[in-house]
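# Breakdown of the fold
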Amino acid sequence: MSDDADIEPCNWCGEPVADPLSRTVRVTVDRSEIDSQRLCPECFADWIDRYETEMRSDDADESADPGPTPVDDDTDIIVD
Ligand SMILES: [Zn+2]
């Protein structure tokens, strides 16, 4: 077995990331997986920032939409 077997490219920047440094993020909404990515630590931090920003802008964009839905309760971020 080679160490290379444990190294896979980051889904964002394409840099090879070793297992101990990698992060796999899975976003599930209402038990349906909508996003799953393997990211290096830098991209992982960016991803979290972007996710939180998008969640906030969603709120702002849909301010005119009647009937607010508590999406936060149904959203899970799973980090392995
Ligand atoms: Zn990366």
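Residues numbered from 1 in each chain as written. Predicted model: local features only at pLDDT ≥ 70, side-chain atom pairs only at ≥ 80, totals over all residues. Heavy atoms only, no water.

Quick look at the sheet that holds strand 5 (residues 75–79) now. Pairing within the open sheet is antiparallel, and its three strands lie in the order 4-3-5. Looking at which strands have only one partner, the edges of the open sheet turn out to be strand 4 (32–39) and strand 5. Between one strand and the next, the sheet's axes are offset by a mean angle of 15°, whatever the strand orientation. Examined bridge by bridge, strand 3 (residues 23–29) and strand 4 share seven bridges and lie antiparallel to one another. Directly across from Arg26, in strand 4, lies its bridge partner Ser36. (Pairing = 2+ DSSP bridges. Helix = DSSP H or I, 4+ residues; strand = E, 2+ residues; numbered from the N terminus. Axes fitted to C-alpha atoms, helices over the stretch in contact; angles between N-to-C directions.)

For the zinc ion, the protein coordination sphere consists of Cys10 (SG), Cys13 (SG), Cys40 (SG) and Cys43 (SG), at 2.3 to 2.4 Å. Within one chain, the residues donating to the zinc ion are spaced in sequence as C-x2-C-x26-C-x2-C. Note that Cys13 is positioned in the loop between strand 1 (7–9) and strand 2 (16–18) and Cys43 in helix 1 (residues 41–61), a separation of 30 residues in sequence. (Donors = N, O, S within 2.8 Å, 3.2 Å for Na, K, Ca; no water.)

Before going further, it helps to spend a moment on a negative patch on the surface. A surface patch of like charges, here negative, comprises Glu15, Glu42, Asp46, Asp49 and Glu52. Mapped onto the elements of the fold, Glu52 is located in helix 1. (Patch = residues over 30% accessible without salt bridge, like charges linked within 9 Å, V, L, I, M, F, W, Y side chains within 5 Å. Areas by Shrake-Rupley, 256 points an atom, 1.4 Å probe, with all protein chains shown as cover. Salt bridge = Lys/Arg side-chain N within 4 Å of Asp/Glu carboxyl O. Lys, Arg positive; Asp, Glu negative; His and termini not counted. Charge placed at Lys NZ, Arg CZ, Asp CG, Glu CD.)

Here the protein shows a mean pLDDT of 74. Residues at 70 or above account for 65%. When mean pLDDT is compared element by element in the protein, strand 4 scores highest at 83, while strand 5 scores lowest at 74. (pLDDT = per-residue confidence, 0-100.)

Quick look at unusual backbone geometry now. Positive phi, close to 55°, is recorded for Asp30, a residue that is not glycine. With respect to the helices and strands, Asp30 occurs in the loop between strand 3 and strand 4. The backbone phi angle of Arg31 is positive, close to 70°, even though this residue is not glycine. Turning to its location among the elements, Arg31 is positioned in the loop between strand 3 and strand 4.

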